[in-house]
Amino acid sequence: MPIPVNRTPVRVRIAPSPTGDPHVGTAYIGLFNAAFARHHGGQFILRIEDTDQKRSTRQSEEAIYRSLRWIGLQWDEGPDVGGACGPYRQSERGAIYREHTQRLLDNRTAYRCFCTAERLDHMRAAQRAAKLTPRYDGFCRDLDPKEGARRAQAGEEHVVRLRMDQDGETFVPDALRGTVVYDNRQMDDQVLLKSDGLPTYHLANVVDDHLMAITHVIRAEEWLNSTPKHLALYAAFGWEAPVFVHMPLLRNADKSKISKRKNPTSLEFYQRAGILPEAMLNFLMLMGYSRKDDAGADLEKFPFDAFVSDLDLCRVSLGGPVFDLKKLDWLNGLYLRAMPPAELAERELAFLREDDRQASIAQLVQERVTSLGDYFDHAGTFYAGLCDAGLQARYFLIGCCSKKKNAVQLDRARSKLFFEDAIARLEAAPTWQPEPIEAALRAAIEAAGVLVGDGMMAIRVAISGRTASPPLYESITALGRSVSLVRLRAAAGLLGEERMLQDALAAAEAEVDATRRALQVAADAAQAKPVAPTSTLAEA
RNA sequence: GCCCCGUUAGUCUAGCGGUCAGGACACGGCCCUCUCAAGGCUGGGACAGGAGUUCAAUUCUCCUACGGGGCACCA
């Protein structure tokens, strides 16, 4: 059963919220939306959902544009490119939401609620204690609308809630799952307009999708459970609802929803790690989807255009795909190897040239460099993603490799806590500059009660993969926030693994053994043949 | 706790009543080779469990288990 197309042109959108780093999940959903639009000759819209004033930032918004452009997704309408249905930034559509809220107030499908946060907190606590689904108890539901309007007029702080049906069932048609049935008694009277006058996601999303003539809502599965609310909103406005397609969630190796704690989620990380955008996009196409060649074998490497031309969303598989970095690396290598050497060289140079950390990296490496070529030996770590810290992992056990007599050693669990604390402090740093970074690290070290040198060494190894590196704070600054945090999280993750200590020590021993063996072989060789065989070079 | 979604090897997937359960990453072996990659060949490895429907279930239905998501004045 194909995805129904009830209206044309097909119009789809992604609506990322600009809070934090541009997310790989945004690119994933964006990819399927963009491809679906292209497949049907429709439009793909980028809308910025910045109704959360506390968390939204302009830098994050800019970063989203950069990363989506990097990966090769193009939108037909958006805040930066304009379009007929603007503005495309929800913070600029306040009047539209207020007007629409009034319509719902007028037709009684919504009501004003004057309950305080404290009352709601108590209510939910009581419901939880009674093992009930926490939901609004309807205290203001039957308030006289005139009374509500009067109190609102008087400036009393309040929100607007959607009046949901209290019994019966809601049928949610999902293009991939069939009809999902919800008991209306589970549904909450969702807040539509917050007390700051801005809409919640639910309201803004429905109003904008309608006004922007969105025909298909292709979004992540985490939204499935709120679709009944959205359907109720479409009904309240008397609008036709779009077709809903809920995509599976990208997962960590442990199958939980992909998160920065357990995976690099920032697109910027992949860009800096030297992943080609086309490989990244291709890899995302493989998540929950597959194409076959004539022999019936799965295709792995194919371009966006091919993906578009035979895209059939119904074939998306619903099991949450684990984001496997190993396979991404392999695919990336496939692309790299398929290039004409001249193109690879050009891409390589462009990769370096376009990196905005260039100057600061050069400054750090400069003091150590002996030739232009030698530069790469020192700078290499800045152009990689995860560094191979495996051999040095023993340094993550804080103090265990310390040569100092008064060293304080931390066990695995405590070392992990130290890393997590350091990460939290770095994340909270006001700016990504040497001073706040140093302050954060020193604070973490002091809290852990270990020697400064030992703590810094652990961080150094996690950051650079080596025990010798340019100055740490400057290196972290130059490396950049996204990559630095990923590497530190990787170190913390390693400490969380049972076998980490054994592996690290085994690796260390292997290292020593290998050296010893090499020396032995050399010594044996010298013994066996004290006189070097004919050395033509020497004689010549 | 309640509700919803899902479940083919460690991972990504094909399969839409009868297949030797196909491909890919990863892993092992062999070949190629000055090394390392790459490449070629090759090996091990999967239908979560239980009922039912059927001549026949990986495939359809139900139950259980497990995994995930949701239950905000966050999206």
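For the structure itself, consult the block above.
Keep in mind it's a predicted model, so treat the numbers as computed, not measured. (Residues numbered from 1 in each chain as written. Chains lettered and ligands numbered in written order. Predicted model: local features only at pLDDT ≥ 70, side-chain atom pairs only at ≥ 80, totals over all residues. Heavy atoms only, no water.)

Looking at this structure, I do not really get the pattern of salt bridges. What am I missing?
Between side chains of opposite charge, a pair can form when the charged atoms approach closely. Considering all chains together, one arrives at 37 salt bridges under this definition. Residue Arg-103 is joined to Glu-99 by a salt bridge in which the shortest nitrogen-to-oxygen separation is 3.9 Å. Residue Arg-103 and its partner Glu-99 are both found in helix 3 (residues 94–106); the two are separated by 4 residues, about one turn of the helix. For Arg-103, a relative accessible area of 36% gives the class partly exposed. Here Arg-291 makes a salt bridge to Asp-310, at a shortest N to O gap of 2.9 Å. (Salt bridge = Lys/Arg side-chain N within 4 Å of Asp/Glu carboxyl O. Helix = DSSP H or I, 4+ residues; strand = E, 2+ residues; numbered from the N terminus. Buried < 20%, exposed > 50% of the residue type's maximum accessible area, 1.4 Å probe, protein only.)

Sorry, what's going on with the protein's contact with RNA strand B here?
Around RNA strand B sit 53 residues, and of these Glu-49, Lys-194, Asn-225, Gly-288 and Lys-292 come closest. Among all atoms of RNA strand B positioned within 4 Å of the protein, those belonging to sugar or phosphate total 79%. Side-chain polar atom of Arg-337 to a sugar or linking oxygen of RNA strand B: 3.2 Å apart, as the coordinates give it. Of all the secondary structure elements, the ones that give two or more residues to the surface near RNA strand B are strand 4 (159–162), strand 6 (178–183) and helix 11 (325–338). Looking at which element gives the most residues to the surface near RNA strand B, the answer is helix 11, with 4 residues. (Near = heavy atom within 4 Å. Polar contact = N/O pair within 3.5 Å; in protein donor to acceptor, adjacent residues only side chain to side chain.)

Sorry, what's going on with empty space enclosed by the protein here?
Picture a little ball the size of a water molecule; that probe, rolled over the atoms, points out where space is still empty. For the structure shown, the criterion picks out 1 cavity of 30 Å³ or more. In terms of lining, the largest cavity is formed by Thr-381, Phe-382, Ile-463, Ser-464, Ser-469, Pro-470, Ser-475, Leu-479 and Arg-487. When contributions to the lining of the largest cavity are tallied by element, the ones reaching two or more residues are helix 17 (452–464) and helix 18 (472–479). Each residue belonging to the lining of the largest cavity can be placed in one class, and the counts come to 4 nonpolar, 4 polar and 1 charged. (1 Å grid on protein atoms, 1.4 Å probe; cavity = no way out; pocket = protein on both sides within 12 Å on 5 of 7 lines; lining within 4 Å. Points joined across faces, edges and corners; volume = space filled by probe spheres on them. Nonpolar A, V, L, I, M, F, W, Y, C, P; charged D, E, K, R; others polar.)

Teacher, can you tell me more about the pairing of strand 1 (residues 11–14) here?
Moving residue by residue along a regular strand, the side chains alternate between the two faces of the sheet. Residues Arg-11 and Arg-13 of strand 1 are buried on one face, and the alternating residues Val-12 and Ile-14, pointing to the opposite face, are buried as well. Where strand 1 and strand 2 (residues 43–46) come together, 4 bridges link them in parallel fashion. Within strand 2, the position partnered with Val-12 by the bridge is Phe-44. Once you follow strand 1 into helix 1 (residues 24–39) and on to strand 2, the crossover reads as right-handed. (Pairing = 2+ DSSP bridges. Right-handed = clockwise from strand over helix to strand, strands pointing away.)

Would you take a moment to explain helix 18 for this structure?
Helical geometry: 3.6 residues make up each α-helical turn, so side chains three or four residues apart lie on a common side. Across the 8 residues that make up helix 18, a large majority, 7, are buried. Looking at the buried residues of helix 18, the elements they touch are helix 8 (267–272), helix 13 (358–366), helix 16 (434–448), helix 17 and helix 19 (481–495). Following helix 18 by one or two positions, Gly-480 has its phi on the positive side, about 100°. (Contact = heavy atoms within 4.5 Å.)

Would you mind going over unusual backbone geometry with me for this structure?
With the exception of glycine, the majority of residues adopt a negative phi angle, and the majority of peptide bonds are in the trans configuration. Cis peptide bonds are those with omega within 30 degrees of zero, and the linkage from Thr-8 to Pro-9 qualifies with -5°. Each neighbour pair has its own omega, and for Gly-86 with Pro-87 the value is -10°, a cis peptide bond. Residue position: Pro-87 is located in the loop between helix 2 (58–71) and helix 3. Here Arg-108, not a glycine, exhibits a phi torsion of approximately 65°, which is positive. Tracing the backbone shows Arg-108 in the loop between helix 3 and strand 3 (110–113). The phi angle at Ala-213 is positive, at roughly 60°, despite the residue not being glycine. As for its position among the elements, Ala-213 is in the loop between helix 6 (201–211) and strand 8 (216–220).

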